[in-house]
Amino acid sequence: MNKSELVKAIAEKADVTKDVAQRALDATTEAVTEALKAGQTVTLVGFGSFQVRERAAREGRNPKTGEKMKIKASKSPSFKAGKLLKDAVN
C-alpha cells in the first residue's frame, strides 16, 4: 500500500474527503517526525511505538576494496509493533 492508497482507505473508513484524509495523514507524520527530532518516543497503544535509536561508531570494511574504514555514530528512527498489531498480523 502506498501513500495515495492509504489516504483513500482513511477517507473511506473515516467517511471524510480524500483532501481531509491527506491533511490528517500529513499532520500525523509531521507530528511524529518532530517528536522524534526532539528525542521523544511516540507511543500509540495497541499499534506500536516510534523511537530514535543510537548506533555507536564502529569499524567497517569497504566491500569493493576490503579496506578498513570508520563508520560514524548515527541516530536512526525505529518502530516496534504493539501486541494488538502483532496479533492482527498473525
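Figured I'd write up the structure that's included with this text. Each chain carries its own residue numbering, running from 1 in the direction its sequence is written. With pLDDT at 70 or above as the cut-off, local features in this predicted model cover only qualifying residues; side-chain atom pairs require 80 or more to be listed or tallied, and sums for whole chains, interfaces and linings still use all residues. No hydrogens and no water enter the side-chain calculation; it runs on all heavy atoms of the structure.

1. Here's the deal with the packing of helix α1 (residues 3–14) against helix α2 (residues 18–37)
Moving on, step 1. Here an angle of 0 to 180 degrees is reported between the N-to-C directions of two axes, which are lines fitted to C-alpha atoms, with helices fitted over the stretch in contact. Counting from the N terminus, the helices are the DSSP runs of H or I reaching at least four residues and the strands are the DSSP runs of E reaching at least two. Running from amino to carboxyl end, α1 crosses α2 at an angle of 115°, the nearest separation of the two axes being 8 Å. Pair α1 / α2 crosses with right-handed handedness. Listed contacts from α2 to Lys-3, Leu-6, Val-7, Lys-8, Ile-10 and Ala-11 of α1 are Lys-18, Ala-21, Gln-22, Leu-25 and Asp-26.
Moving on, step 2. Considering only residue class, the contact of α1 with α2 consists of 6 nonpolar, 1 polar and 4 charged. Crossing handedness is defined as follows: a turn of the near helix away from the far one that is anticlockwise and smaller than a right angle gives a left-handed crossing, while the clockwise case is right-handed. Between two residues, a contact is recorded if the distance between any of their heavy atoms is within 4.5 Å. For this scheme, ten residues count as nonpolar: Ala, Val, Leu, Ile, Met, Phe, Trp, Tyr, Cys and Pro. Four count as charged, namely Asp, Glu, Lys and Arg, and the remainder, Gly too, count as polar.

2. As for the packing of aromatic side chains
Moving on, step 1. Here a Phe, Tyr or Trp ring, Trp counted by its six-membered ring, pairs with any other such ring whose centre lies within 6.5 Å, and the pair is stacked when the planes are under 30 degrees apart, edge-to-face when over 60, and tilted otherwise. This model, assessed by the stated rule, comprises 2 aromatic pairs.
Moving on, step 2. Considering the side-chain rings of Phe-47 and Phe-79, the 5.5 Å spacing of their centres and the 50° angle between planes classify their relative orientation as tilted. Placement of the pair is Phe-47 in the loop between β1 (42–44) and β2 (48–55) and Phe-79 in strand β5 (residues 74–81), with a sequence separation of 32 residues.
Moving on, step 3. Only protein chains enter the accessibility calculation, which uses a 1.4 Å probe. A residue is then buried if its area is under 20% of the maximum for its type, exposed if over 50%, and partly exposed in between. Judged by relative accessible area, which is 37%, Phe-79 ranks as partly exposed.
Moving on, step 4. The interplanar angle of 50° and the centroid separation of 4.8 Å between the aromatic rings of Phe-50 and Phe-79 together place this pair among those described as tilted. Pair noted here: Phe-50 is in strand β2 and Phe-79 is in strand β5, with a separation of 29 residues, a long-range link.
Moving on, step 5. Put simply, the rings of Phe-47, Phe-50 and Phe-79 touch in pairs and so form one group of aromatic residues.

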